[in-house]
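Next come the chains, spelled out residue by residue.
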Amino acid sequence: MVDDAGTTADRTADDTAGNGTVPSGRVLLSIESVSKRFGDLVALSEVDLDVHEGEVVVVLGASGSGKSTLCRCVNRLETVDSGRIVFDGRDLPQEGAALAALRADVGMVFQSFNLFAHKTVLENVVLGPTRVRKVPRAEAVEEARALLDRVGVRDKESRYPAELSGGQQQRVAIARALAMHPKLMLFDEPTSALDPEMIREVLDVMVGLARDGMTMVAVTHEMGFARRAADRVVFMDHGRIVETGEPDAFFTAPRTERARDFLSTILRH
């Protein structure tokens, strides 16, 4: 482990506004002075963040703090106005085949599932590997079934998304992303559209991925997941990273008044 302000082989600049610790593996994702506006709204302002290989980073903050925008910029679903994002040693591509390759390497799970309603669960998972990765269909089906088993919905492979609960659909969405063998997984509020009893089943899958060493950036309000699975918590407010640190330190002794106010509101409910 090294201090955020310490020197790594890939970067010498201060990683964030805080002073948390990060794994000593190579930097897989580097966000450098990124800003993004929507009209007069400043969504991101000079954001700096490194994510190391094998690290689980949980991004917290109130609604409108810039969390989801940051996540979407990493996958280039939103373009940045200024700054630089480097993934696996290369700047984010602008378009074309290079952008498609990036999205194959960066899996993303949204709050709204985004499954193809007219395809079965199995076909939803098989589609990416066969179309994008050019994996032979028999091989893709075999792996899809293994992934569906891993996330606990193997018995639903012939069903359509509308026949599944929200928690089951989100687990299928995770399996679909994993089928592409991503180097990084992004989770954008993956449980916010779920009923309370369904949240646990999705979080359990995410905790399992973290334990298996998947590099993850998760935007979530689930404090329990942050405590259980995160290597580092990043707290955002008004488009800026205002604090970062290990979960125990962040939750027991946040350094900034804004983080203390946020936690007192969240944990009170």
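The structure under discussion appears in the preceding block.
Residues numbered from 1 in each chain as written. Predicted model: local features only at pLDDT ≥ 70, side-chain atom pairs only at ≥ 80, totals over all residues. Heavy atoms only, no water.

Student: Just checking my understanding: could you explain helix α2 (residues 96–105) for this structure?
Tutor: Along an α-helix, a turn takes 3.6 residues, which lines up residues three or four apart on a common side. Looking only at α2, the buried set comprises Leu-99, Leu-102, Ala-104 and Asp-105. Among the structural elements, α1 (67–74), β6 (82–87), β8 (106–109) and β9 (184–188) are those in contact with the buried residues of α2. (Buried < 20%, exposed > 50% of the residue type's maximum accessible area, 1.4 Å probe, protein only. Helix = DSSP H or I, 4+ residues; strand = E, 2+ residues; numbered from the N terminus. Contact = heavy atoms within 4.5 Å.)

Student: Is there a simple way to think about the pattern of salt bridges in this case?
Tutor: Throughout the structure, instances matching the rule amount to 17 salt bridges. For Arg-137, the salt bridge goes to Glu-123, with nearest N and O atoms at 2.5 Å. Of the two residues, Arg-137 is situated in helix α4 (residues 137–150) and Glu-123 in helix α3 (residues 121–131); the sequence distance between them amounts to 14 residues. Arg-137 gets classed as partly exposed once you look at its relative accessible area, which sits at 44%. Arg-200 is the salt-bridge partner of Asp-204, the closest N and O atoms lying 3.0 Å from each other. Placement of the pair is Asp-204 and Arg-200 together in helix α6 (residues 196–211), with a separation of 4 residues, close to one helical turn. Residue class for Asp-204 comes out partly exposed when judged on its relative accessible area of 34%. Through salt bridges that share partners, Arg-26, Glu-53, Asp-88 and Lys-183 make up one connected network. (Salt bridge = Lys/Arg side-chain N within 4 Å of Asp/Glu carboxyl O.)

Student: Even after reading the chapter, I still don't get empty space enclosed by the protein, so can you show me in this structure?
Tutor: Sizing a probe to match a water molecule and rolling it over the atoms shows the empty space that remains. Under the definition given, this model contains 2 cavities of 30 Å³ or more. Counted as a void, the second largest cavity has a volume near 40 Å³. Forming the boundary of the second largest cavity are Leu-29, Ile-31, Leu-49, Val-51, Val-59, Lys-67, Leu-70, Cys-71, Val-74, Val-217 and Val-219. Contributions of two or more residues to the lining of the second largest cavity are made by β3 (27–38), β4 (41–52), α1 and β10 (216–219). For the lining of the second largest cavity, the leading source of residues is α1, giving 4 residues. (1 Å grid on protein atoms, 1.4 Å probe; cavity = no way out; pocket = protein on both sides within 12 Å on 5 of 7 lines; lining within 4 Å. Points joined across faces, edges and corners; volume = space filled by probe spheres on them.)

Student: Is there a simple way to think about the packing of α4 against helix α5 (residues 166–178) in this case?
Tutor: What describes two packed helices is the angle between their axes and the distance between those same axes. With their axes 9 Å apart at the nearest point, α4 and α5 run at an angle of 140 degrees to one another. Judged by the inter-axis angle, α4 sits oblique to α5. At the point where α4 passes α5, the crossing takes the right-handed sense. Residues Leu-147, Leu-148 and Arg-150 of α4 touch α5, and the partners they reach there are Val-172, Ala-175 and Leu-178. Considering only residue class, the contact of α4 with α5 consists of 5 nonpolar, no polar and 1 charged. (Axes fitted to C-alpha atoms, helices over the stretch in contact; angles between N-to-C directions. Parallel < 35°, antiparallel > 145°, perpendicular 65-115°, else oblique. Left-handed = near helix turned anticlockwise from the far one by under 90°. Nonpolar A, V, L, I, M, F, W, Y, C, P; charged D, E, K, R; others polar.)

Student: What exactly am I supposed to notice about the nonpolar core here?
Tutor: Soluble globular proteins tend to bury their nonpolar side chains together. The biggest cluster of nonpolar side chains holds 53 residues, and the ones touching the most others in it are Leu-60, Ile-174, Phe-187, Met-206, Met-216 and Phe-225. The residues contacting Phe-187, other than those within four sequence positions of it, are Cys-71, Val-109, Ile-174, Met-206, Leu-209, Met-216, Val-217, Ala-218 and Val-219. Of all hydrophobic cores here, the second largest spans 29 residues; its members include Leu-49, Cys-73, Val-217 and Val-234. (Core = buried A, V, L, I, M, F, W, Y, C linked by side-chain atoms within 4.5 Å.)

Student: What is the right way to read the environment of Ala-218 from this model?
Tutor: Mapped onto the elements, Ala-218 comes out in strand β10. Its relative accessible area of 0% is what places Ala-218 among the buried residues. Spatially, the C-alpha atoms of Ala-218 and Leu-186 are 5.8 Å apart, while their sequence positions differ by 32 residues.

Student: Whenever I open this one, the sheet that holds strand β11 (residues 232–237) confuses me. Can you help?
Tutor: Each strand in a sheet pairs with another by means of backbone hydrogen bonds, the pair being arranged parallel or else antiparallel. Strand order in the open sheet made by the 6 strands is β8-β9-β10-β5-β11-β12, with mixed pairing throughout. Of all the strands in the sheet, the pair left with one neighbour each is β8 and β12 (240–245). Pairs of neighbouring strands in the sheet enclose a mean axial angle of 20 degrees, with direction left out of account. Here β11 runs beside β12; their pairing, made up of 5 bridges, is antiparallel. Bridging from a neighbouring strand, Val-234 pairs with Thr-244 of β12. Against the sheet, α2 engages β8 and β9, with an angle of about 65 degrees to β8. Sheet contacts for α5: β8 and β9; angle to β8, the most-contacted strand, approximately 175 degrees. (Pairing = 2+ DSSP bridges.)

Student: Could you clarify how one ought to interpret the layout of surface pockets in this entry?
Tutor: Each pocket or cavity is described by its volume, and for the largest pocket that value is around 560 Å³. Sorting the residues of the lining of the largest pocket by element identifies α2, β8, α3 and α5 as the ones contributing at least two each. Element by element, the count of residues in the lining of the largest pocket is highest for α3, at 4 residues. Considered class by class, the residues forming the lining of the largest pocket number 12 nonpolar, 5 polar and 3 charged. What lines the second largest pocket is simply Phe-87, Asp-88, Arg-90, Asp-91, Leu-92, Pro-93, Ala-98, Ala-101, Leu-102, Asp-105 and Lys-183. For the lining of the second largest pocket, the elements supplying multiple residues, two or more each, are β7 (90–91) and α2. If you tally residues by element for the lining of the second largest pocket, the top one is α2, at 4 residues.

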